Amino acid sequence: EPVDITKLPIEKLGGALVYSRKENNVYFALVHDVFGYWTLSKGRVEANEDVKEGTIREIKEEIGLDITIKEKLGENEYVASHPEKGKTLKKVCYFLAESEYKELQLEASGGLDGARWFQFSEIPDLRIYNDIVPLITKAIEIISKIKN
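Now for a description of the structure that goes with this document. (Residues numbered from 1 in each chain as written. Predicted model: local features only at pLDDT ≥ 70, side-chain atom pairs only at ≥ 80, totals over all residues. Heavy atoms only, no water.)

1. Some thoughts on the pattern of salt bridges
Applied cut-off: The rule for a salt bridge is simple: a side-chain nitrogen of Lys or Arg has to be within 4 Å of a carboxyl oxygen of Asp or Glu. Working definition: with a 1.4 Å probe on protein chains only, accessible area under 20% of the residue-type maximum means buried, over 50% means exposed, and in between means partly exposed.
Enumeration over the complete set of coordinates arrives at ten salt bridges. Between D4 and K7 there is a salt bridge, with its nearest N and O atoms 2.7 Å apart. Residue classification places D4 among the partly exposed residues on the basis of a relative accessible area of 36%. The exposure class assigned to K7 is exposed, which follows from its relative accessible area of 67%. One salt bridge connects E49 with R57, and the closest N-O pair in it is separated by 2.8 Å. The network of salt bridges with common partners includes E49, R57, E58 and E61.

Structure representation (structure tokens):
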């Protein structure tokens, strides 16, 4: 039966497409999930927390980077099922963020099994979720306009 998403509990998440500049190249930090996709690092924002502050905290926890948020890239939402909690509507706010280029330290968690930096040219060959592709495209447009 179809789910009435207006009645689902909402979980707010903040995520970021993190980029870094190194030797005239731009790199993106992506995480690899257990379903075989490269995607954006994200995490749960607490109820009383500003979404930007929550995103900064979560990225630090998940991949060990201190980020500076540049601008909002967009939002998406999806229904997630949990064996005990049932269904929730996850609303994710994604930002473009910058950090220094340093080794990623992936937090041990059930959902992710990798994290690494990619150059622009490598992105088209990756398996990426359809709803993430436009966010990356928009980010590349924005970064190409930002001068160092």
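2. Examining helix α1 (residues 51–63)
How we decide: Only DSSP runs of H or I with at least four residues qualify as helices, and only runs of E with at least two residues qualify as strands; both kinds are numbered from the N terminus onward. Expected span, for any helix, means 1.5 Å times one less than how many residues it has. An arc is given here, and it is the one of the directions from the helix axis to the C-beta atoms. Residue contacts are counted whenever heavy atoms from the two residues lie within 4.5 Å of one another.
Taking 1.5 Å of rise per residue, 13 residues should cover 18 Å, and α1 covers 18 Å from first to last C-alpha, within 8% of that figure. By the burial criterion, the buried members of α1 are G54, T55, E58, I59, E62 and I63. One side of α1 carries all its buried residues, which in axial view fall inside an arc of 130°. In this structure, the buried side of α1 is in contact with β1 (10–22), β2 (25–33), β4 (41–44), β5 (68–82), β6 (86–98) and β7 (112–119). Of the residues one or two after α1, G64 is the one with positive phi, at around 80°.

3. Quick notes on the nonpolar core
Formally: As used in this record, nonpolar core signifies buried Ala, Val, Leu, Ile, Met, Phe, Trp, Tyr and Cys residues forming a set joined through side-chain atoms within 4.5 Å.
Of all hydrophobic cores here, the largest spans 22 residues; its most connected members are L17, F28, L30, L73 and I123. Of all the secondary structure elements, the ones that give two or more residues to this core are β1, β2, β6 and α2 (133–145). Top element by residues in this core is α2. It accounts for five residues. Each residue touching L30, except ones within four places of it in the same chain, is listed here: L17, W38, T39, L40, L104, G114, A115, R116, F118, I123 and L126.

4. Let's talk about the side chain of K90
If you trace the backbone, K90 turns up in strand β6. Other than its neighbours up to four places away in sequence, K90 contacts E11, L13, N76, E77, Y78 and A80.

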